[in-house]
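Structural overview for review
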Amino acid sequence: MIVSMLLLCAGISISAQNIQVKGTVLDEAGQPLIGAGVIDRQSRENGTVTDLDGRFSISVSPESVLEVSSLGFKTQLIPVQGRDIIDVILQPETTQLESAIAIGYGTSRKVDLTGSVAVVNMDELQETPVASVAQALQGRIAGADIISGSGEPGESADIQIRGSRSISAGNAPLIVVDGVLDAVTSLDDLNPSDIVSISVLKDVSSTSIYGSRGANGVILVTTDVKPDKKSRFKVTFKSTTGISHIAGRLDLMDATEYATWYNMVALQKNPSLASDPCRYPYPDPAALGKGTDWVDVLSQIGIYNNQYVQISGGNGRTNILASAGYLYNKGVVIGQNHTRYSFRTNVDSKLNKWLKLGVRMSLMYHDVDRTSAKVSGTNTNAAIFITPVLGEDSIWNRYSFDDAQGIVFNNPYKSATSITNKADKWNLNISPWVKIDFTKNLSLNSNFTFTRDNNLTYYYSPSYMPVAAARKQGGTASRTVFEQLRFLSETTLNYSTKIRKSHMIEALVGFTASRQTRDNSYVTGTGYINDSAMYHKMEGIFDTANYHATSDNSIKTTMSVLGRVNYNWKRRYYLTMTARADGASNFSRNNKWGFFPSVAFRWSIMNEPWMSNAYWVNDLSLRVSAGRSGNDAISSYMSLATITSNKSSWLFNGKYLLATMPEHLANSSLTWETTDSYNIGFNFAGWRSRVILELDAYCSLTRDLLLNVKNSQVTGYDTYFDNMGRTRNIGIEVAL
């Protein structure tokens, strides 16, 4: 009895420590939130949800802390402090519709856009353990095709937005990083951990502010990070490690099965083999066993290792961000490796109320080892080169049923382990900028950008490779050195005003100028006997007839004048008008300039007075846009008659002589490719943006394609470069 009384008293004591807390959970408009979670932070298993009137009741300790949450709202932590009635008002989270997103030369809310712009969910991207930004974007953008050819580590992906428009002038989108054009040549030159937001401009209304540069779409990348107001500096470290392997395996014949099949084929061709089994190509197939599984020989477990550190902070006047990253990615095929080092620094400083300045600097280095484990040969014998009866050291392959015939070949394993095939890539970008606020409504932005790209490729196949040794031809070496320098200056003047609280006007005018210089040299030779020197001593060759060198240099300059006006009335009716005139040096004298206008309209039905009771609708709007863009992505001097030199075209007295000759015909009428585009879109968001639907239908017609066309051979040239042909793209995009 004494024990029972003690337990009863203990239970009464414990129960007395808790209190019953009641209350309601409302949104910012005072409406009850149904199904909001209320959890005791001291005991995560103790929780409840609000009813149809937003009310809740929970038994907790007087010193406990309640965690109140609801989808689409910011979570709140509320100390109980002995209270038995607690009412909570949750504030909505900033949704994708309300948050500021990057557009050409500015920012805008998603609900205010007149064009077709896709915004990537960066939280999901950061959680994806991938080596490049392009891999992370695959399947996340409606209308964007992101394809990686071979899948080798370090290989750049091919990106197309709304299909291919051009045949010779390129279809790659423009990449803009922190407002800087040409900051990188591909998304591989960005560390995914540096990225804060990505916007993809798809229709002509949103891309026309970039003129010919945005003809194939624009990818806007933002790396800026605002400092934490609660602390001066913040350090972030991320580390990711993983492995990869070949996902699927083909069910291939082993050596015994292959030899049995081979004998059956031989018997069909020569029935007399049945009388003497010893004459079969493989008299005893069972003795061969499993043979060589070339998938096992050529594959390996891939390793992914990514390290990233970032330091950011500021004092309210000067903000600094610095980051460094290291990536090592070993592919699933032997010989594949990719190492990447990245560095980035962003500095912003507000000197006074009207003057801000800063600088963006980034450096990226790629070290790529490409595999040479490739099957060579024609369609009829390529597969035979990796039959299971051949081994890792095999150099002779019998490709016919006659034992006396065969071929020397470089088997894939020996190629992968002996041939050097690598690339080194550098990207350096420096962009200082300044912003001057003349008034509250008028400001000037100016930036200057310097970008340097260096691509170096090296290849060496040693003299002891089976084919080279059999032919006594020595080793084969090649090296390519590519350097590109880009200078870009951009200045824009921005004005915004609001008239009688109903009319909102934003205007932008600007001027840009750029200069691009390319240097390229290529050297190759066959007959090297010093394998240790590889491609480092390209002059060490006996027969100069097997030594070839080419080089070229090109300069391209551009100049642009641009303007844009955005107008909206009570956020119901939006109008955007954009125009840009581009001049490019790679067209003929009378066709260097092109003019590219666009216009777009948006009707925000959600903001109509008769929609005021539809509180569950966050966005309901129609968009339409039309405009013209151009494309100048061709090599310099294509409109001019150029000359070239070589030592392999003219043979006199048994020797090749140096010859200089015209390279192609001039074309004084060569002009821009032009694309007329039309887009109609529908946007819907409801239930606090839990459901977001975007529909777009588009049509684009590209004319005056820049092509090599057939020419009469009486001119001495088979082809010449001209404007000819057209393409048409029609599509529907759905994003849910």
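Structure: see above.
Below, the structure is looked at part by part. As the structure is a computational prediction, the values presented were derived from the model and not from experiment.

**Some points on the environment of Cys 278**
In this fold, Cys 278 is placed in the loop between helix H5 (255-269) and helix H6 (294-298). Between the C-alpha atom of Cys 278 and that of Leu 493, which follows or precedes it by 215 residues, the distance is 89 Å.

**What about the sheet that holds strand E13 (residues 174-177)?**
With mixed pairing, five strands are arranged side by side in an open sheet as E10-E15-E16-E13-E14. Each of the sheet's edge strands pairs with one partner strand only, and the pair in question is strand E10 (117-119) and strand E14 (180-181). Pairing between E13 and strand E16 (residues 218-222): four bridges, direction parallel. Looking at E16, one finds that Val 176 is bridged to Leu 220.

**Things to note about the sheet that holds strand E7 (residues 88-89)**
Pairing is mixed across the open sheet formed by three strands, whose spatial order is E4-E1-E7. Two strands in the sheet have a free side with no partner beyond their single neighbour: strand E4 (55-60) and E7. Examined bridge by bridge, strand E1 (residues 19-26) and E7 share two bridges and lie parallel to one another. Across the sheet, residue Leu 26 finds its bridge partner in E7, namely Ile 89.

**Looking at the pattern of salt bridges**
Tallying each qualifying case throughout the model produces 19 salt bridges. The salt bridge partner of Asp 632 is Lys 556, with a shortest N-O separation of 3.1 Å. One end of the pair, Asp 632, is in the loop between strand E31 (617-631) and strand E32 (642-652); the other, Lys 556, is in strand E28 (residues 547-569), and 76 residues separate them in sequence. Like Lys 556, Asp 632 is buried.

**Details of the pairing of strand E25 (residues 442-461)**
Across 16 bridges, the pairing between strand E24 (residues 420-437) and E25 is antiparallel. If you follow Leu 428 over to E25, its bridge partner there is Arg 452. Where E24 folds back on E25, the antiparallel hairpin that results is connected by four residues. Where E25 meets strand E26 (residues 475-499), 20 bridges bridge the pair, whose relative direction is antiparallel. Bridge assignment links Thr 449 to a residue of E26, and that residue is Leu 488.

So, how was this worked out
- Residues numbered from 1 in each chain as written.
- Predicted model: local features only at pLDDT ≥ 70, side-chain atom pairs only at ≥ 80, totals over all residues.
- Heavy atoms only, no water.
- Helix = DSSP H or I, 4+ residues; strand = E, 2+ residues; numbered from the N terminus.
- Pairing = 2+ DSSP bridges.
- Salt bridge = Lys/Arg side-chain N within 4 Å of Asp/Glu carboxyl O.
- Buried < 20%, exposed > 50% of the residue type's maximum accessible area, 1.4 Å probe, protein only.

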